[in-house]
Amino acid sequence: MTIKSEIKKSILAALWFMFLTFPIMVIRVNTVENIVQWRWINMAFVGAGSFFFSMLWRYMIKQKSMKAKKDAIDKLSFVQKISQKKKIFIPLMILLGCFILAFPHLFSMYQTNIMISALIYVMLGLGLNIVIGLAGLLDLGYVAFFAVGAYSYALLNYHYGLIFWIALPLGGILALIFGVILGYPVLRLRGDYLAIVTLGFGEIIRLVLENWNDFSFGPSGISNIPKPPLFGVDLSLSGSIIYLYYIIVGLVIFTIFVINRLENSRIGRAWIALKDDEIACQAMGIDKAKTKLRAFGLGAMWAGMGGVIFAAKTTFINPASFTIWESVIILCTVVLGGMGSITGVISGALLLILLPEYLRAFAEFRMIIFGAVLVLMMVFRPEGIIKNVRKTYKFQKT
């Protein structure tokens, strides 16, 4: 397309947008003086802004198509290129590690609290990445396992006095069991049907917690959930927050290590084969039922442990904390970051959780900005912030 045609299309877009916004931006009725004010200067701003952003949008779309051609030739992502250069990668990891360790001492308790929440969602995103990113199973009820973990710690502590360190693995195991229970009825489902069933499962768990007062204390929730103990030492409020921060950092590192090993294992390759083509996967001798159940179970286990951390952080939980929107946010971290990419899921979770908090200065406009960022990402980076590039293996004759 020529520049002349691009300008013509942008002018038409600006005129159309001016027409649509005319009643809102130009006409203003003063009910006190019973007069109509005509704000034509607003129309000029709308037209100029629409024309500018239309031209910018077309330019970015053109650049995207050119970049796609380059990426087709060079399939490695930027992160993978850096990771292959040991002289750069190792010092970067050391600097990142030092920054992570020093974070609670460099920033306020408010910033540390936000980072704990972001790291919980990193853990949840990595768990859901097993189900969606690797196995290709669309799970919209993932928050149910998050709730199972949180309520397991709260109830076990309330009734039996179990401490955090005992409840942490138990929460993961209980969530794993619930994941397998969910997996059995949906073994033959895929796509939209699977999404609807998992969505229903998540809502069933939430409604049970909200209405079974004798079991879960209903909408009132459970309060006074203790924070993780440190060998019997009484920690101050800031000390307990810093301690919880280091716990979640350790769990995230452990999660990254385990999921990376799983991805490159026989189970991980079976998940990827299942995602690509279920029929071909079954024809190659892979047990489709067991592969799906492992994905649901192992993915749910990380959500359960994340729920235990969440309960320990907030010291209060109720069913309102585990709505479908939490599942949507966790799903967005995987899709936005890059399905199947561990680095991408981490970056997606940090962006989705930290960005709305740091945009609070824009008050009522922060969610508009946040939505615009998501739309731009889906248009210009549909594969995610950091796309996943499958490893290739070559056999060379010696």
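Structure: see above.
In this text, all values refer to a predicted model and were calculated from it rather than measured experimentally. (Residues numbered from 1 in each chain as written. Predicted model: local features only at pLDDT ≥ 70, side-chain atom pairs only at ≥ 80, totals over all residues. Heavy atoms only, no water.)

Asker: Is there a simple way to explain the environment of Lys275 in this structure?
Answerer: Along the chain, the position of Lys275 falls in helix α11 (residues 266-276). In this structure Lys275 comes out as partly exposed when scored by relative accessible area, which is 36%. Measuring from C-alpha to C-alpha, the distance between Lys275 and Leu134 comes to 6.7 Å, with 141 residues separating the pair along the chain. If near-sequence neighbours (up to four positions away) are discounted, Lys275 is found in contact with Ile132, Gly133, Leu134, Ala135 and Gly136. (Helix = DSSP H or I, 4+ residues; strand = E, 2+ residues; numbered from the N terminus. Buried < 20%, exposed > 50% of the residue type's maximum accessible area, 1.4 Å probe, protein only. Contact = heavy atoms within 4.5 Å.)

Asker: Just checking my understanding: could you explain the pairing of strand β2 (residues 35-38) for this structure?
Answerer: On any regular strand, side chains alternate: one points to one face of the sheet, the next to the other face. The pairing of strand β1 (residues 27-30) with β2 spans 4 bridges and is antiparallel. Note that in β2 the partner of Val29 across the bridge is Val36. Remark: 4 residues form the turn of the hairpin made by β1 and β2, two consecutive strands paired antiparallel; Asn34 in that turn has positive phi of roughly 55 degrees. (Pairing = 2+ DSSP bridges.)

Asker: Help me out: how do you make sense of a nonpolar patch on the surface in this one?
Answerer: A grouping of Phe52, Phe53, Leu56, Trp57, Tyr59, Met60, Ile61, Val375 and Leu376 is seen on the molecular surface, where their side chains present a nonpolar patch of about 840 Å² in accessible area. Mapped onto the nonpolar patch, the elements with two or more residues apiece are α2 (40-73) and α16 (366-380). The biggest single contributor to the nonpolar patch is α2, with 7 residues. Here Trp57 shows up in helix α2. (Patch = residues over 30% accessible without salt bridge, like charges linked within 9 Å, V, L, I, M, F, W, Y side chains within 5 Å. Areas by Shrake-Rupley, 256 points an atom, 1.4 Å probe, with all protein chains shown as cover. Salt bridge = Lys/Arg side-chain N within 4 Å of Asp/Glu carboxyl O.)

Asker: Can you walk me through unusual backbone geometry in this structure?
Answerer: Phi is mostly negative for residues that are not glycine, and the peptide bonds are mostly trans. In this model, Asn224 sits at a positive phi of 55 degrees, which is unusual for a non-glycine residue. Examined against the element boundaries, Asn224 turns out to sit in the loop between α9 (213-216) and α10 (237-263). Exposure remark for Asn224: the relative accessible area of 70% places this residue in the exposed category. For Thr315, which is not glycine, the phi dihedral falls at a positive 60 degrees.

Asker: How do you make sense of the packing of aromatic side chains when you look at a structure like this?
Answerer: Ring pairs (aromatic) are described by centroid distance and by the angle formed between their planes. For the structure shown, the criterion picks out 21 aromatic pairs. Each ring, one from Tyr245 and one from Tyr246, has its centre 5.4 Å from the other, and the planes form 70 degrees; the classification is edge-to-face. The class for Tyr245 is buried, based on a relative accessible area of 2%. Taken together, Phe99, Phe103, Phe107, Tyr245 and Tyr246 form an aromatic cluster joined through their ring pairs. (Phe/Tyr/Trp six-rings, centres within 6.5 Å; stacked < 30°, edge-to-face > 60°.)

Asker: Mind showing me how you'd approach the pattern of salt bridges here?
Answerer: Pairing between side chains becomes possible if they bear opposite charge and their charged atoms approach one another. Inspection of every chain in the model, using the stated rule, returns 4 salt bridges. Where Glu203 meets Arg206, a salt bridge forms, and the shortest distance between an N and an O atom there is 2.9 Å. Of this pair, Glu203 and Arg206 both sit in helix α8 (residues 191-211), separated by 3 residues, roughly a single helical turn. Note on Glu203: relative accessible area 23%, which makes it partly exposed. The salt bridge partner of Lys292 is Glu278, with a shortest N-O separation of 3.4 Å. Of this pair, Lys292 sits in helix α13 (residues 288-314) while Glu278 sits in helix α12 (residues 278-283), placing them 14 residues apart in sequence. Judged by relative accessible area, Lys292 falls into the buried class, the value being 1%.

Asker: Help me out: how do you make sense of helix α6 (residues 143-160) in this one?
Answerer: In an α-helix, one turn spans 3.6 residues; hence positions three or four apart end up facing the same way. Here α6 spans 25 Å end to end across 18 residues, near enough to the 26 Å set by a 1.5 Å rise per residue. Taken across its 18 residues, α6 has 15 buried, putting it largely inside the fold. Immediately beyond the C-terminal end of α6, within one or two residues, lies Gly161, with a positive phi of roughly 70 degrees. (Expected span 1.5 Å × (residues − 1).)

Asker: What is the right way to read the nonpolar core from this model?
Answerer: Soluble globular proteins tend to pack their nonpolar side chains together in the buried interior. Among the nonpolar cores identified, the biggest contains 80 residues, and Ile317 and Phe322 are the most heavily contacted of them. It is helix α5 (residues 109-134) that contributes the most residues to this core, 16 residues altogether. Setting aside chain neighbours within four positions, we find Phe322 in contact with Val143, Phe146, Ala147, Ala150, Tyr151, Arg206, Phe310 and Ile317. (Core = buried A, V, L, I, M, F, W, Y, C linked by side-chain atoms within 4.5 Å.)

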